[in-house]
Number of protein chains: 2
Amino acid sequence: MSICGPILGDVADRVRGAANKRPRYDPDRLLEVAVQQFILRGYEATSMAQLGKAAGLGKSSIYHHFASKEAILHRALSRALDALFAVLEEEQARLGPPPARLEHLLRRTVEVLVDELPYVTLLLRVRGNSRTELWALERRRHFDREVAELVAATASTGGLRQGLEPGLGARLLLGMVNSISEWYRPGGPLSAADLARMAASVGLHGISGAARAGAAGARGAKID
Amino acid sequence: MSICGPILGDVADRVRGAANKRPRYDPDRLLEVAVQQFILRGYEATSMAQLGKAAGLGKSSIYHHFASKEAILHRALSRALDALFAVLEEEQARLGPPPARLEHLLRRTVEVLVDELPYVTLLLRVRGNSRTELWALERRRHFDREVAELVAATASTGGLRQGLEPGLGARLLLGMVNSISEWYRPGGPLSAADLARMAASVGLHGISGAARAGAAGARGAKID
DNA sequence: TCCTTTCCCGACCGGTCGTTCGGTTCCCAT
DNA sequence: ATGGGAACCGAACGACCGGTCGGGAAAGGA
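Conventions we followed
Here the residue numbers are simple positions, counted from 1 along each chain's written sequence. Written order decides the labels, with chains lettered from A and ligands numbered from 1. Per-residue local features are limited, in this predicted model, to residues with pLDDT of at least 70; the limit for side-chain atom pairs, both in listing and counting, is 80 or more; totals at the level of whole chains, interfaces and linings are taken over all residues. For side-chain calculations, the full set of non-hydrogen atoms in the structure is used, while hydrogens and water are omitted. Here a residue is considered near a molecule or strand provided that any single heavy atom belonging to it is located within 4 Å of it. We call two N or O atoms a polar contact when they sit within 3.5 Å, provided that within protein one can donate a hydrogen and the other can accept it, with sequence-adjacent residues counted only if both atoms are side-chain atoms. To qualify as a helix, a DSSP run of H or I must reach at least 4 residues; to qualify as a strand, a run of E must reach at least 2; elements of each kind are numbered from the N terminus. Residues are grouped as follows: Ala, Val, Leu, Ile, Met, Phe, Trp, Tyr, Cys and Pro are nonpolar; Asp, Glu, Lys and Arg are charged; all remaining types, including Gly, are polar. Two residues form a contact once any of their heavy atoms are found within 4.5 Å. Just to be clear on terms, a salt bridge is a Lys or Arg side-chain nitrogen sitting within 4 Å of an Asp or Glu carboxyl oxygen. Exposure categories follow from relative accessible area, calculated using a 1.4 Å probe and restricted to protein chains: below 20% of the type maximum is buried, above 50% is exposed, and the middle band is partly exposed. Two rings from Phe, Tyr or Trp (for Trp, the six-membered ring) form a pair when their centres sit within 6.5 Å of each other. Planes less than 30 degrees apart are called stacked, planes more than 60 degrees apart edge-to-face, and all others tilted. Throughout this description, the term charge over a ring refers to an Arg CZ or Lys NZ atom that lies within 6 Å of the ring centre and within 35 degrees of the ring normal. Only the contacting stretch of a helix is used when fitting its axis, a line to C-alpha atoms as for every element, and angles between N-to-C directions run 0 to 180 degrees. For this classification, under 35 degrees means roughly parallel, over 145 means roughly antiparallel, 65 to 115 means roughly perpendicular, and everything else is oblique. Crossings are assigned a handedness: left-handed for a near helix turned anticlockwise from the far helix by less than a right angle, right-handed for a clockwise turn.

1. Focus on the protein's contact with DNA strand D
Alright, step 1. Around DNA strand D lies a shell of 20 residues, among which P23, G58, S60 and H65 of chain A together with K59 of chain B are the nearest.
Alright, step 2. Y25 of chain A is positioned such that a nitrogen or oxygen atom in its backbone is 3.2 Å from a phosphate oxygen of DNA strand D.
Alright, step 3. At 2.5 Å from a phosphate oxygen of DNA strand D is found a main-chain nitrogen or oxygen belonging to G58 of chain A.
Alright, step 4. Take the surface near DNA strand D: its biggest share by element is 3 residues, from helix α4 (residues 59–65) of chain B.
Alright, step 5. A per-class count over the surface near DNA strand D returns 5 nonpolar, 10 polar and 5 charged.

2. Some words on the side chain of R140 of chain B
Alright, step 1. By secondary structure assignment, the location of R140 of chain B is in helix α9 (residues 131–156).
Alright, step 2. Other than its neighbours up to four places away in sequence, R140 of chain B contacts E182 of chain A together with L81, L123, L124 and N178 of chain B.

3. Structural notes on the pattern of salt bridges
All names here are of chain A.
Alright, step 1. Counted according to the given criterion, the structure contains 18 salt bridges over all chains.
Alright, step 2. The partner of R79 in a salt bridge is E116, and the shortest N-O contact between them spans 2.8 Å. Here R79 is found in helix α5 (residues 69–89), whereas its partner E116 is found in the loop between α7 (98–115) and α8 (117–125), with 37 residues between them in sequence.
Alright, step 3. Judged by relative accessible area, which is 34%, R79 ranks as partly exposed.
Alright, step 4. Among the salt bridges present, the one from R139 reaches D82, with a minimum N-O distance of 3.2 Å. Separated by 57 residues along the polypeptide, R139 in helix α9 (residues 131–156) and D82 in helix α5 bring together distant segments of the chain.
Alright, step 5. Residue R139 is classed as partly exposed on the basis of its relative accessible area of 22%.
Alright, step 6. Overlapping salt bridges bring together E90, E103, R107, R108 and E111 as one network.

4. Here we look at the protein's contact with DNA strand C
Alright, step 1. Around DNA strand C sit 20 residues in total, of which K69 of chain A together with P23, G58, S60 and H65 of chain B are the nearest.
Alright, step 2. M48 of chain A is positioned such that a nitrogen or oxygen atom in its backbone is 2.8 Å from a phosphate oxygen of DNA strand C.
Alright, step 3. Ranked by residues supplied to the surface near DNA strand C, first place goes to α4 of chain B with 4 residues.
Alright, step 4. Looking at side-chain class alone, the surface near DNA strand C contains 5 nonpolar, 10 polar and 5 charged residues.

5. With respect to the packing of aromatic side chains
Alright, step 1. Within this structure, the stated rule accounts for 6 aromatic pairs over all chains.
Alright, step 2. Measuring from ring centre to ring centre gives 4.9 Å for F38 of chain B and Y43 of chain B, while their planes differ by 75°; the resulting arrangement is edge-to-face. The same class applies to F38 of chain B and to Y43 of chain B, which are both buried.
Alright, step 3. Aromatic side chains W183 of chain B and Y184 of chain B sit 6.2 Å apart centroid to centroid with 70° between the ring planes, which places their arrangement in the edge-to-face category.
Alright, step 4. Taking the ring centre of Y43 of chain A as reference, the NZ or CZ of K69 of chain A above it sits at 4.6 Å.

6. Focus on the side chain of E116 of chain A
Residues and elements named next belong to chain A.
Alright, step 1. With relative accessibility at 17%, the residue E116 sits in the buried group.
Alright, step 2. Separated by 2.8 Å, the side chains of E116 and R79 make a polar contact.
Alright, step 3. Residues within four places of E116 in sequence aside, it is in contact with R79 and A83.

7. A few points about the packing of helix α2 (residues 27–41) of chain B against helix α3 (residues 48–55) of chain B
Helix-helix packing: each pair is described by the crossing angle between the helix axes and the interaxial distance.
Residue and element names in this part refer to chain B.
Alright, step 1. At a minimum axis separation of 9 Å, α2 and α3 run at an interaxial angle of 125°. Between α2 and α3, the angle is such that the two are oblique. The element α2 and its partner α3 pack so that their crossing is right-handed. Listed contacts from α3 to L30, V33, A34, Q37, F38 and R41 of α2 are Q50, L51, A54 and A55.
Alright, step 2. Residue classes in the contact of α2 with α3 are distributed as 7 nonpolar, 2 polar and 1 charged.

Now the structure itself:
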């Protein structure tokens, strides 16, 4: 128990021992606290002093573990991006018929999103304000493009609905999947695997099959 | 032609005459410039000085038109929310069988999103940092809940796929629709009406009909 | 022409930002 | 027990933040 941390049961409490010892951090644990704050108030709106307080530290102590505020962000975004790109390397995402590969990719993306929820959430909110954010944005675009190419490959097997440009389909698919980070909270009644299966299924079913309501001609939404 | 505005053909240029007269603003035009900047760099990361420069004004001049930085945000968010809630009042969203009402609601939501793109985009990025943002967040939740109730009504007519909780369906639907603000740019080859028709069709088709890949039991995602 | 209103400006305020620095406290291997 | 590195602290830095203020230029009606 402590009165220091702003939220009960926080990392700040876990990091000190059972007694009220002085908190001792390593970069990864501090990262956890920092990302939590970044998500809560936004990166720009979070001050180093707030980061320190949330961790039970003075703000100058942060600089013992990270070179700068931006370095914290970089590490967090890197973690999210690495986890996402690892999915692209998985066998089932690289071999087999495109529709099955796309299904696997979407399902695993959701699972990673849930698994690394804070880090991916932070990634999805990046807007390109600093060099670090621009770098993350570009890496993320690479990922999106791979998904788009897989959707295009699925389309060329006839798996896409009439009039739906593959680029648009990919965007809608990714938008749906990414939006999960805005409401999903671990510990709820919905398991990550079930959510992933369902989201992938809903998404794929949405962009495939016969059109119900016709959209005359919807063309030209390439992932750039 | 001017060297003042950061982007060519900006509102800052349009607002002065053909000659290089002094810019004269009214709140609405200034709002347009401000929202553009808020989207570009984020609300917190945008300073009043930057707002002024983007408008071709000194930062103190902003306060002639708006009481505070937060007042600018409030006006922008209000514009987006009013446009969205107006859709809920439309006849076709209130009368008829639930599936048709849902289709209309989704389609019109996309059209409003595109129509008021900067303002809705700003709304969708709000995280609840100030009283204004909390207010906007709550109004937005009301809108989401109305959509969720319509999805639930659609479900009770048997229009929802097996195992898909209406709350989860609504979230996925809204996530897909809202994500359009992250990539759609007016002037592209895709008209707002076509996009709206296609997005609504993809979304509805995704959450309805028979399941392809089974998700054992996916339950419990209520819109709060 | 003159006066009023609208609009805009530069200088300035207190406060907070990210960051630096010299020094203190703690843990642990020796 | 003791030396040394890792972890942490408070004070202070210059820069910049949102906001205020008194005054000047432009527009418009008389």
